[in-house]
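Chains, contacts and geometry: an overview
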Amino acid sequence: MTDSKDFLISFTQRLKEQIGKEPIGLYDVLSSLPYSAKYQYDDAYLKLEEMKEVLDKILAILYHPHIIVKTNEIVLRSELSGKLSHESFQETMLDAKLWKEKSGEMVPEYVHSVETIDSIHTYENRFIALLIDEMDEAIDRVLAELNPLMESIEEHYQHKEMSFGKYSPFHDMRKNRYPYSSFFLQADDTKDKVYNLARRIKRKTKNMKGTEFYKINCKPKLSKNVIPTNILIHDKLYSFCYRYHVEHFRKAEQENRKREILYYNYFLTSFVNCIRKLNLLPDDPSLLSFGREGILELYPFAFDQFPFEFHIKADPENLILKIQVQVKDNERVLSETNDAIIIRELYNEENKKLIQTLRDHLILEEHYDTVLLATMNNILREVDHVMTFTYYKEDTEVLLGDLLTSMTILFEGNKELYTGFCPICGHNHIRYDGSLYQCGDCQGTYHMFDFEEKNLLWIRSYRKE
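This text gives an overview of the structure that appears in the document.

Tallying each qualifying case throughout the model produces 1 cavity of 30 Å³ or more. As a volume, the largest cavity reaches approximately 30 Å³. If you tally residues by element for the lining of the largest cavity, the top one is helix α14 (residues 396-406), at 3 residues. For the lining of the largest cavity, a count of residues per class yields 3 nonpolar, 3 polar and 1 charged.

The next subject is the nonpolar core. Counting 95 residues, the largest nonpolar core has Ile-58, Ile-128 and Leu-321 as its most contacted members. When residues of this core are assigned to their parent elements, the largest contribution, 12 residues, is made by helix α5 (residues 123-146). Discounting residues that sit within four places of it in the chain, Ile-58 has contacts with Ile-128, Leu-131, Ile-132, Met-208 and Cys-241. The next biggest cluster of nonpolar side chains, apart from the first, holds 11 residues, and it includes Ile-342, Tyr-347, Ile-355 and Tyr-368.

Our focus in this paragraph is the sheet that holds strand β8 (residues 301-305). Across the sheet, 6 strands lie side by side as β8-β9-β10-β11-β12-β13; this open sheet has mixed pairing. Looking at strand neighbours, the two that pair on one side only are β8 and β13 (386-388), the edges of this open sheet. Here the average twist between neighbouring strands, direction ignored, is 25°. Sheet topology places β8 next to strand β9 (residues 308-315); 5 bridges connect them, and they run antiparallel. When the bridges of β9 are listed, Phe-303 appears paired with Phe-310. Across the face of the sheet, α5 comes into contact with β11 (332-347) and β12 (370-378) while running at roughly 105° to β12. Against the sheet, α14 makes contact with β9, β11, β12 and β13, and its axis sits at roughly 155° relative to β13, the strand it touches most.

Taking 1.5 Å per residue, 13 residues should reach 18 Å; helix α11 (residues 236-248) reaches 18 Å between its end C-alpha atoms and fits that length. Three or more residues of α11 are buried, namely Tyr-238, Ser-239, Cys-241, Tyr-242, Tyr-244 and His-245. Capping the start of α11 is the job of one residue whose side-chain oxygen sits 3.0 Å from the backbone nitrogen of Leu-237: Asp-235.

The rules behind the values
- Residues numbered from 1 in each chain as written.
- Predicted model: local features only at pLDDT ≥ 70, side-chain atom pairs only at ≥ 80, totals over all residues.
- Heavy atoms only, no water.
- 1 Å grid on protein atoms, 1.4 Å probe; cavity = no way out; pocket = protein on both sides within 12 Å on 5 of 7 lines; lining within 4 Å.
- Points joined across faces, edges and corners; volume = space filled by probe spheres on them.
- Helix = DSSP H or I, 4+ residues; strand = E, 2+ residues; numbered from the N terminus.
- Nonpolar A, V, L, I, M, F, W, Y, C, P; charged D, E, K, R; others polar.
- Core = buried A, V, L, I, M, F, W, Y, C linked by side-chain atoms within 4.5 Å.
- Buried < 20%, exposed > 50% of the residue type's maximum accessible area, 1.4 Å probe, protein only.
- Contact = heavy atoms within 4.5 Å.
- Pairing = 2+ DSSP bridges.
- Axes fitted to C-alpha atoms, helices over the stretch in contact; angles between N-to-C directions.
- Expected span 1.5 Å × (residues − 1).
- Polar contact = N/O pair within 3.5 Å; in protein donor to acceptor, adjacent residues only side chain to side chain.

That's the geometry; what it means functionally is another story.
Right, here's the structure in full:
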């Protein structure tokens, strides 16, 4: 498998070699870089086999886990107790409230006893629960990289509803069908083996997370900096799992930040290269340089595509690309939109809340019209506001070109009609704030203005909330 980190490290390294210590022009950097790579199915299969072996060891532990024996002092009715230890007998003799008179004699109604409990809630077993979580996230990452290569109809057409009509997917399929409709990538034995093994591993981790062992030991979660106890070192099963954790997951938090930076560098460079190939870069192009943490820094720049003017700037601290688009009539700005692209290598349940918080800040406090997430691994499989941008597919330039196009489409439209009718979804719940129209159903926004003696409509946000 071409590991995403390996490719992105190589990509950033080549960038650094081209750029050097001093900032230089974009044209000198962009042309020689590789922007895609083939997925290595043979390597992927070997890594999945290694994951399967670890899960087999975990499964053996789940059947026969290490236990600890706990003893608790309890008070029982005397007829329910078994043989008392010397200590329990003495405690019973000294506890007067346990005794009562019966047939003229004092006898113990209750006695002190000791209860023995076997527990699997141990440090080592909590580590195994942590490893199950790590393995589950790792296989999600693998499946997220594989899924774009095993394309679906909804992903191909980038929407979740299949409709009928001249512009429907079915019309497109019928038009291009010869001898039968197929845009799916054709599989071979190796691809089949990799995908099927990955799905089997996912089922295993899911089943493990449903066991009583996992439910008992998953909380509280351990730190990834696991302490090597005697059991983790000397027990064959636990030791095998511990060594795998150290090699693959121990520095995960620092690694995640590094991966995000590497992916940000790749996306930012791809975006600027797309502009270059569209001949939209200015004569005096912006400059690239590397800042702290190895983050690629892009100096702000602008370019024209009449009647539009683009202003591009990056936010390296938060790994965001910001795009302002203006419609201009000579020097007069008729309308403008501000869009932001959050760039993250991974999109899963763990970072979903953080991304949503950042998105809310951009919309509510910085007043961006549309906030898009670009990600290499769309584990949550969401479509709205999410663009899967992976170098395993060769159409990344198409995606970026479509992104720019979506910001620059003007429609001729009747001003009176579209003040009460949404041009995006067709509903009539329209709000107007004095310059911008917003649909209460799809949350799409649009602006209408006069340009060259025509009534024009500019959709500023297509995507649903």
